[in-house]
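# Overview (structure and organization)
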Amino acid sequence: MFYSKEDFKITFSNRLENKLGIAIDDATTNDVYKTLGQLIREQVSKNWIETNAYYHENKEKQVYYFSMEFLMGRLLQTNIENSGVFSNVKQGLEELGFQLEEIFDEEHDAGLGNGGLGRLAACFLDSLASLNLPGHGCGIRYKYGLFEQKIINGYQAELPDYWLGEDYVWEVRRADRAIEVRFGGFIEMKKEDDRLVFHHKNYDTVLAVPYDVPVVGYQNSTVNTLRLWSAESCKDDFNFFSSNGNDYYNFLQYKRSIEDISGFLYPDDSTVEGKVLRLKQQYFLVSAGMQSIIKKFKRKYSENLTELPEKIAIHINDTHPVLIIPELMRLLIDEEGLSWDDAWQITQKTVSFTNHTTLSEALEKWPTAMVKELLPRIFMIIEEINERYCRELWNQYPYEWDKISKLAIIGNDEIRMAHLAIVASYSVNGVAKLHTEILKKKEMKDFYSLYPEKFNNKTNGITHRRWLLNANPQLVNLINDAIGTRWISHPKELTSLIKYTKDRAFQERVALVKRNNKEQLAKLIKEKNGITIDVDSIFDIQVKRLHAYKRQLLNVFHIIHLYQVLKENPNINITPRTFIFGGKAAPGYYFAKKIIKLINSVATVVNNDLRIRDKLKVVFLENYSVSLAEKIIPAADVSEQISTAGKEASGTGNMKFMMNGALTLGTLDGANIEIKEFVGNDNIFMFGLTANEVTQLYTDGSYRARDIYNNDYRVKHVLDDLISDRFPGGESEFRDIYYSILSNNDEYFVLKDFDSYAEAHELVDQTYRDQHKWLAMSITNIAHSGKFSSDRTIQEYASEIWGIRPRLL
């Protein structure tokens, strides 16, 4: 590694000249980024090799974390910081005429994820490496990310996110370790040597080529691996070409169909073609990953596959990779010659599962006909698992046909992936205390009765290294001055800040850091949106994926209400507010896209109304991403976490905001409840229905949204404005939102919680006026945020689920 800034300057300058043929004076920031990235990757390669060697030589048990998403963000800053060379690199580049912060901006966010699921996976990888734990990620190398969001006339437009337009400096292609994945065809069964064997015939082959990305632990020499699989056509393309009558266009279509498997994240599944592509993606990931793991196990550990659970843990991040269960069975039975019972025992001891939702529509189900046609052997194995499982159910619940049908893996011509995961995994965990209790007592109650020992809770966490160390260096310096640096490796020790909550000098320094961050965000908003905002206003922020249950609609309804109040009385004494939104709606999610349009229409009206004297501003920042979040979150005063109670499994944005001193305005949902338990009722703004109350309203059907519309003049005024000409688009633009609330009876209780939400906002306004009180609350939140570090979460997974231990250094 670079032992001094002079050492770095010499190494860097030589590399720039030798690789790019450019003198330092002629180099662009992009030239510097590419050279620096390659240099850092090469510098960590020695530790990467040594880490893998240690795991294999010491026969360490390793976990493989399968996820359809890994929202890694930019890696240059993280890898420089984690390698322990930040100061030398920063000073060296400055003396060469470059600012490191400008170099960071040259890196494109990796298009490997969408929202919380992918960001959680990335945080977990960071914690695994930083805690010296043997754990790796398995994902897909998408050519395109979800999409690049553009806001045009207030509407979301989706453009291709071609993040691989330039070489990704962190990846290493491993063509020699490519795996064949098979689709279609049919299964021929024969009896050979007194056992039934299965031969896959007439299948299509896709080549899965691995690209490895180093995951660098924080200043500890451990480097784990994120393996990303790319779909490519096989070497015998010529045979396809010749067998199809030299039809060049068919050949191109064939190649494109293969490359589409790793083409883009979450294909539109509103069509049969889109569903098939999603199913292909999921099987492609698990088959390539599992085949690779078994090959390595046999090469490095043992030829005896019954020992697999002792050395390998496979973790499924939500239902997308659940096909790993029948794929592992297939490999053990068909390829390795094990009996069904032995293969099933190995599988049940190897695979663990995290459930991330309480929404029934998010629990994947696949049409049996589709699986049977695309994955014939996998379908046979799932069918056999279901048959044996249903026999067990019959023994436990004889003649209870409805219950058995409800619990079955296959039902109504669908394969229920969550059911398969629960039956075949040795551990099933929720991601917050409330979420886990809902799983046990409601959503998966019958399964909990069957397998109580499997269910456990692992509250989510975030990596404080990215979300505090990297994102908010001024606050980090302040914390270090106050309590030292030990908290960086032991984040729970942030609680030492408690003694500074009412220290006026410390409060002033915290306030200055927050103001500086707000000024930076205000500058960014001016550049991107052309809107001037008041840095002395309350920065009230809701940034997350657009979904009805996350209730961006509740937020914007309240903004409309505030605007109406200000119009009626511009002299009213309220603390100026800047409401900032960010997030993407799925391309096919019409209602969510209408909410984006509504936010932008409200912003157009509010921001241009001189009568309200800049007391209210509304901003929608397009193309929300990890790197944008790192600029937004440190500037927040208020963190909007307002999902319908019982619908958000955990949330991690709430943790990122509190870690940077924002105060949570939230419902009793997900991890908000645990944040409240730690910071206390006096340091958080809670409102709205509880999860039990929501369940009761669904059950008894007593809720009538129209009653609230008729009895609360504020609600009526807001909703009536939606179907007036108040906002751009006229009377028809937002009718669907209007009718979804009143005609469809407000599925997520936006109107029911409106009054409580408005009261909470009034309390925010009054509290913010007492800056000493506000800052004490802010410091309290920072002090308790270490308990929500992903280091704590991963330590629990490691000891209580996976059974892995830290590498000894």
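Up top you'll find the structure we're talking about.
Residues numbered from 1 in each chain as written. Predicted model: local features only at pLDDT ≥ 70, side-chain atom pairs only at ≥ 80, totals over all residues. Heavy atoms only, no water.

### A look at the packing of aromatic side chains
Two descriptors summarise a pair of aromatic rings, namely the distance from one centre to the other and the angle between the planes of the rings. So the rule is basically this: By convention, a stacked pair of Phe, Tyr or Trp rings (six-membered ring in the case of Trp) has centres within 6.5 Å and planes under 30 degrees apart, an edge-to-face pair has planes over 60 apart, and any other such pair is tilted. Put simply, DSSP H or I for four residues or longer makes a helix, DSSP E for two residues or longer makes a strand, and each gets a number counted from the N terminus. Relative accessible area decides the class of each residue, using a 1.4 Å probe on protein chains only: under 20% of the type maximum gives buried, over 50% gives exposed, and in between gives partly exposed. Here, a charge over a ring means that NZ of Lys or CZ of Arg falls within 6 Å of the ring centre while also lying within 35 degrees of the ring normal.
For the structure shown, the criterion picks out 23 aromatic pairs. Here the aromatic rings of Phe 687 and Tyr 757 are separated by 5.0 Å at their centres, their planes lie at 50°, and the arrangement is tilted. Of the two residues, Phe 687 sits in the loop between β23 (685-686) and α27 (691-700) while Tyr 757 sits in helix α31 (residues 754-769), which places them 70 residues apart along the sequence. Taking the relative accessible area as the measure of exposure, Phe 687 reaches 4% and is therefore buried. Residue classification places Tyr 757 among the buried residues on the basis of a relative accessible area of 0%. Plain terms: the ring middles of Tyr 768 and Trp 774 are 4.9 Å apart, the flat faces sit at 80° to each other, and that makes the pair edge-to-face. Comparing Tyr 768 with Trp 774, the two get one shared label, buried. It is Lys 518 that lies over the ring of Phe 539; its NZ or CZ is 4.6 Å from the centre. The positively charged end of Arg 807 is found above the aromatic ring belonging to Tyr 54, 5.6 Å away from the centroid.

### Here we look at the nonpolar core
Where we set the bar: By nonpolar core we mean a set of buried residues, namely Ala, Val, Leu, Ile, Met, Phe, Trp, Tyr and Cys, connected to one another through side-chain atoms within 4.5 Å. Residue contacts are defined here by distance: any two heavy atoms, one from each residue, within 4.5 Å place the two residues in contact.
Core analysis: the largest hydrophobic core is formed by 144 residues, its most contacted members being Leu 36, Ile 80, Leu 93, Phe 284 and Trp 802. Among the elements that make up this core, the one with the highest residue count is helix α9 (residues 272-300) (11 residues). Not counting chain neighbours up to four residues away, the residues in contact with Ile 80 comprise Leu 36, Ile 40, Val 85, Phe 86, Val 89, Leu 100 and Phe 104. If you look at the next biggest cluster of nonpolar residues, it comprises 71 residues, including Phe 557, Ala 603, Phe 685 and Ala 760.

### Considerations on α31
What counts is decided by this rule: Expected helix span is taken as 1.5 Å per residue step, with the number of steps being one fewer than the number of residues.
Under the 1.5 Å per step criterion, the end-to-end length of α31 is 23 Å for 16 residues, consistent within 8% with the ideal 22 Å. Listed as buried for α31 are Phe 754, Tyr 757, Ala 758, Ala 760, His 761, Val 764, Asp 765, Thr 767 and Tyr 768.

### Brief notes about the environment of Lys 19
Tracing the backbone through its elements, the reader meets Lys 19 in helix α1 (residues 5-20). Accessibility expressed as a relative area gives 58% for Lys 19, which makes it exposed. Once the C-alpha coordinates of Lys 19 and Asp 7 are considered, the two residues, 12 residues apart in sequence, prove to be 18 Å apart.

### Examining the packing of helix α22 (residues 552-568) against helix α23 (residues 590-607)
Relative placement of two packed helices is described by the angle separating their axes and the distance separating the axes. Just so we agree on the cut-off: Fitted lines through C-alpha atoms serve as axes, helices being fitted only where they are in contact, and the angles separating the N-to-C directions of these axes extend from 0 to 180 degrees. Here the word oblique covers every angle except those under 35 degrees (roughly parallel), over 145 (roughly antiparallel) and from 65 to 115 (roughly perpendicular). Two helices cross in a left-handed way if the nearer one is turned anticlockwise from the farther one by less than a right angle. They cross in a right-handed way if the turn is clockwise. Under the grouping applied here, Gly and all other residues not named as nonpolar or charged are polar, the nonpolar ones being Ala, Val, Leu, Ile, Met, Phe, Trp, Tyr, Cys and Pro and the charged ones Asp, Glu, Lys and Arg.
Here α22 crosses α23 at 20°, and the two axes come no closer than 10 Å. When the axes of α22 and α23 are compared, the pair comes out roughly parallel. Seen along the crossing, α22 lies across α23 with a hand that is left-handed. Contacts from Gln 552, Leu 553, Val 556, Phe 557, Ile 559, Ile 560 and Tyr 563 in α22 reach Phe 591, Ile 595, Leu 598, Ile 599, Val 602, Val 605 and Val 606 in α23. For the contact of α22 with α23, the per-class residue count stands at 13 nonpolar, 1 polar and no charged.

### Overview of the environment of Met 329
Among the secondary structure elements, Met 329 is positioned in helix α11 (residues 324-335). Assessed through its relative accessible area of 0%, Met 329 is described here as buried. When the C-alpha positions of Met 329 and Gln 345 are compared, they lie 9.8 Å apart, and in sequence the two are 16 residues distant. Those residues in contact with Met 329 that lie beyond four places of it in its chain are Trp 340, Ala 343, Trp 344, Thr 347 and Ile 381.

### Quick word on the pairing of strand β22 (residues 663-666)
Inclusion rule: Whether two strands pair comes down to DSSP finding at least two bridges between them. Seen with its strands pointing away from the viewer, a crossover is right-handed if its path from the first strand over the helix to the second goes clockwise.
Neither face of β22 is open: one carries Leu 663 and Leu 665, the other Thr 664 and Gly 666, and all of them are buried. One ladder, built from 4 bridges, connects strand β21 (residues 638-641) with β22; its direction is parallel. When the sheet's bridge partners are listed, Val 638 is paired in β22 with Leu 663. Considered for its hand, the β-α-β crossover made up of β21, helix α25 (residues 653-659) and β22 is right-handed. Bridge analysis of β22 against β23 gives 2 bridges, and the strand direction is parallel. In the strand pairing of β23, Leu 665 is matched with Phe 685.

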